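Observations on the three-dimensional arrangement
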Amino acid sequence: MRRMLGSSQTRNIMKRFRNFITAALLCLASQGTGSGFQIATFEADVTPPIGHPLLASMCPPAKSIEAKLWAKGIVLRGGEKPVVFVSVDWCEIRNDAYDRWRDALATAAGTTRERVLVSSIHQHDAPLADLTAQRILEQRGITTNVVDLKFHESIVQRVAKAVRNVRSQRLTHIGTGQARVERIASNRRYPGPDGKPLYDRGSATRNAFAIDAPEGVVDPFAKALSFWNGDQPVAVLHSYATHPMSFYRTGRVNPDFPGFARDRMQKEFPDALHIYFSGAAGNVTAGKYNDGKPDNRPRLTDRLFAGLQAAWDNTKKQPLRKIGFRTAELRFKPRETGGYSRADLKRKLENAKRARDASHAAMGLSWRDRTEKKKQPIDVPVVDFGNTAFILLPGESYIEYQLYAQEVRRDDFVMVAAYGESAPGYIPLEMHWHENDSNLKSWCWVAEGSEERYKKAIKKALTGVE
């Protein structure tokens with residue numbers, strides 16, 4: 001005859017069963033979400049076709065593909081809404097093209113536009129996108145000078161598809177590391193023979209005096225911000241502040257030495273996706289250490305790779321406690337001087353003899369349309385992980401803004417990326433205007449007097465305080 005269980009035995013069995021079920025559910029939850037945070041990686045080919053303009057016709061059009069261009073990124077979940085980071089091997093993404101990228105990726109990730117951080121690395125043998133500028137040209141019967149609109153939309157859809165198709169895994173830790181990069185960065189500004197500042201040290205420099213001059217104001221450190229599932233690295237964001245050109249204007253599409261250094265990191269450390277961001281390098285180039293000869297590219301690649309690897313080797317992990325998000329609204333005044341008024345730009349467009357002149361004028365008019373009609377302002381977004389933060393700056397911000405951002409939170413690890421909304425072009429300090437920085441003659445669409453409002457936006461985004 002079967003022995004009957006007593007009431008206390010029954011309770012004990014039921015208790016053990018409930019404990020087992022609870023433990024199993026917790027195990028399943030931890031496998032899916034860890035502490036509630038998740039990460040997914042994505043990448044997509046963004047290489048232009050042969051014949052496509054590069055740098056809005058400032059460089060020869062694509063005649064060959066030396067190496068593919070990529071958009072690489074991550075999606076973070078577990079904060080209020082998902083956050084998307086994406087770095088693109090393009091020169092710039094501007095105005096409504098920038099909004100198109102963010103809107104499409106926001107829809108794909110189930111988030112909002114301001115939480116999509118799109119950054120261009122700024123290689124020059126690569127596309128530049130400004131949809132309104134291209135339409136302005138087409139209205140005048142000028143064919144593709146800036147960007148092929150169908151190609152651009154196909155790329156946006158390709159990257160959005162990659163975001164939609166991601167597979168998330170739990171995110172438990174972040175890691176931070178940094179290391180000095182040797183013999184790459186130098187400031188465009190250096191003292192001349194009479195002690196007065198000169199600004200003619202470009203990405204490729206053969207002026208012996210400029211080469212011998214001091215590096216000037218730079219941020220010498222490469223930074224690594226990594227995301228981990230337990231002991232497994234999932235993604236590493238790298239940043240370093242320099243113009244990313246060795247030799248260029250070749251028509252040979254390639255990601256230049258930062259892209260090649262990133263790809264080498266991917267090969268050497270394949271467990272994680274490696275993503276590179278250019279820092280605030282509007283006035284920082286490799287000119288002191290680069291004469292523009294092709295055989296110098298592998299040397300710059302080696303030096304940057306050594307810095308990226310050292311920053312990765314120096315990484316220290318910590319549990320991830322939060323994914324916070326803040327953004328500050330920034331509205332620059334459009335420039336009126338130096339041929340940048342609306343009347344000047346229209347006249348330049350009407351009289352343009354070269355494709356590059358027409359494109360330059362059209363991009364200026366596109367920017368004025370945006371600013372004068374008070375369309376989408378520039379966002380200065382910050383993703384805050386507690387004692388670690390990532391901030392995305394617009395355009396070709398000068399290095400002093402990167403150093404300022406790091407000073408605002410001097411006790412924290414602050415990674416700075418630039419070349420977000422790139423329509424402003426160079427964003428200098430007031431001192432650069434007063435010293436007649438020659439670079440501001442050709443690629444600066446913002447008015448003098450922007451420094452104060454820009455720094456206020458940076459501070460507000462990083463701290464939440466005006």
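Scroll up to find the structure this text is about.
Here's what I pulled together on the structure shown here. As the structure is a prediction and not an experimental result, all values here were calculated from the model.

Our next topic: the side chain of D369. Position of D369 relative to the elements: it lies in helix 9 (residues 355–372). Once residues lying within four places of it in the same chain are set aside, the contact partners of D369 are T132, I136, R342 and K375.

This part covers helix 7 (residues 297–313). Taking 1.5 Å of rise per residue, 17 residues should cover 24 Å, and helix 7 covers 24 Å from first to last C-alpha, within 8% of that figure. Inspection of helix 7 places R297, L300, T301, L304, F305, G307, L308, A311 and W312 among the buried residues, and these make up the whole buried set. Down the axis, helix 7 shows its buried residues gathered within 165° of arc, on one side only. Buried residues along helix 7 sit in contact with strand 9 (173–180), strand 13 (221–229), strand 14 (232–240), helix 6 (256–268) and strand 16 (273–278).

What follows deals with the state of the cysteines. As enumerated under the stated definition, the model contains zero disulfides in all. With no disulfide of its own, C91 lies 7.5 Å from the sulfur of C59, the closest cysteine sulfur. Left without a disulfide partner, C444 is nearest to the cysteine sulfur of C91, which lies 16 Å away.

Another aspect to go through is the pairing of strand 4 (residues 83–88). Most of strand 4 sits inside the fold, with six of its six residues counted as buried. Burial of strand 4 is two-sided: the residues V83, F85 and S87 facing one way and the residues V84, V86 and V88 facing the other way are all buried. Taken together, the six bridges between strand 3 (residues 70–77) and strand 4 define a ladder with antiparallel strand orientation. When the bridges of strand 4 are listed, K72 appears paired with S87.

Position of K288 among the secondary structure elements: in the loop between strand 17 (284–285) and helix 7. Linking K288 and E396, residues 108 residues apart in sequence, is a C-alpha distance of 19 Å. Not counting chain neighbours up to four residues away, the residues in contact with K288 comprise S186, R201, I211, D212, A213, P214 and E215. Of note is the side chain of K288, whose polar atom sits 2.6 Å from the backbone oxygen of I211.

Once that is clear, we can look at the side chain of S422. Relative to the helices and strands, S422 resides in the loop between strand 23 (413–417) and strand 24 (426–427). Looking at S422, the relative accessible area reads 1%, which means it is buried. When near neighbours in sequence (up to four residues on either side) are disregarded, S422 contacts E92, I93, R94 and G395.

Counted by the stated rule, this structure contains 35 salt bridges. The partner of K317 in a salt bridge is D231, and the shortest N-O contact between them spans 3.4 Å. Within this pair, whereas K317 is found in strand 18 (residues 316–319), its partner D231 is found in the loop between strand 13 and strand 14, the two being separated by 86 residues in sequence. The residue R297 makes a salt bridge to D256 at a minimum N-O spacing of 3.4 Å.

Tallied over the full model, the rule gives twelve aromatic pairs. On the numbers, 5.0 Å between centres and 80° between planes, the contact of F85 with F390 is edge-to-face. Here F85, found in strand 4, pairs with F390, found in strand 21 (residues 388–392); they are 305 residues apart in sequence, far enough to count as distant. Assigned by exposure class, F85 and F390 land together as buried. The rings of F85, F277 and F390 are connected pair by pair, giving a single aromatic cluster. One residue, K72, lies across the ring of W70, its end atom 5.3 Å from the ring centre. Lying over the aromatic face of Y404, K455 brings its terminal NZ or CZ to 5.3 Å of the ring centre.

On the basis of which strands lie adjacent, the open sheet formed by four strands has the order 19-20-21-23 and mixed pairing. The outermost strands of the open sheet, each flanked by one partner alone, are strand 19 (324–330) and strand 23. Between one strand and the next, the sheet's axes are offset by a mean angle of 15°, whatever the strand orientation. Here strand 20 (residues 378–384) runs beside strand 21; their pairing, made up of three bridges, is antiparallel. Along strand 21, the bridge assignment pairs V382 with I391.

Rules and cut-offs
Residues numbered from 1 in each chain as written. Predicted model: local features only at pLDDT ≥ 70, side-chain atom pairs only at ≥ 80, totals over all residues. Heavy atoms only, no water. Helix = DSSP H or I, 4+ residues; strand = E, 2+ residues; numbered from the N terminus. Contact = heavy atoms within 4.5 Å. Expected span 1.5 Å × (residues − 1). Buried < 20%, exposed > 50% of the residue type's maximum accessible area, 1.4 Å probe, protein only. Arc of directions from axis to C-beta. Disulfide = S-S within 2.5 Å. Pairing = 2+ DSSP bridges. Polar contact = N/O pair within 3.5 Å; in protein donor to acceptor, adjacent residues only side chain to side chain. Salt bridge = Lys/Arg side-chain N within 4 Å of Asp/Glu carboxyl O. Phe/Tyr/Trp six-rings, centres within 6.5 Å; stacked < 30°, edge-to-face > 60°. Lys NZ or Arg CZ within 6 Å of the ring centre and 35° of its normal. Axes fitted to C-alpha atoms, helices over the stretch in contact; angles between N-to-C directions.

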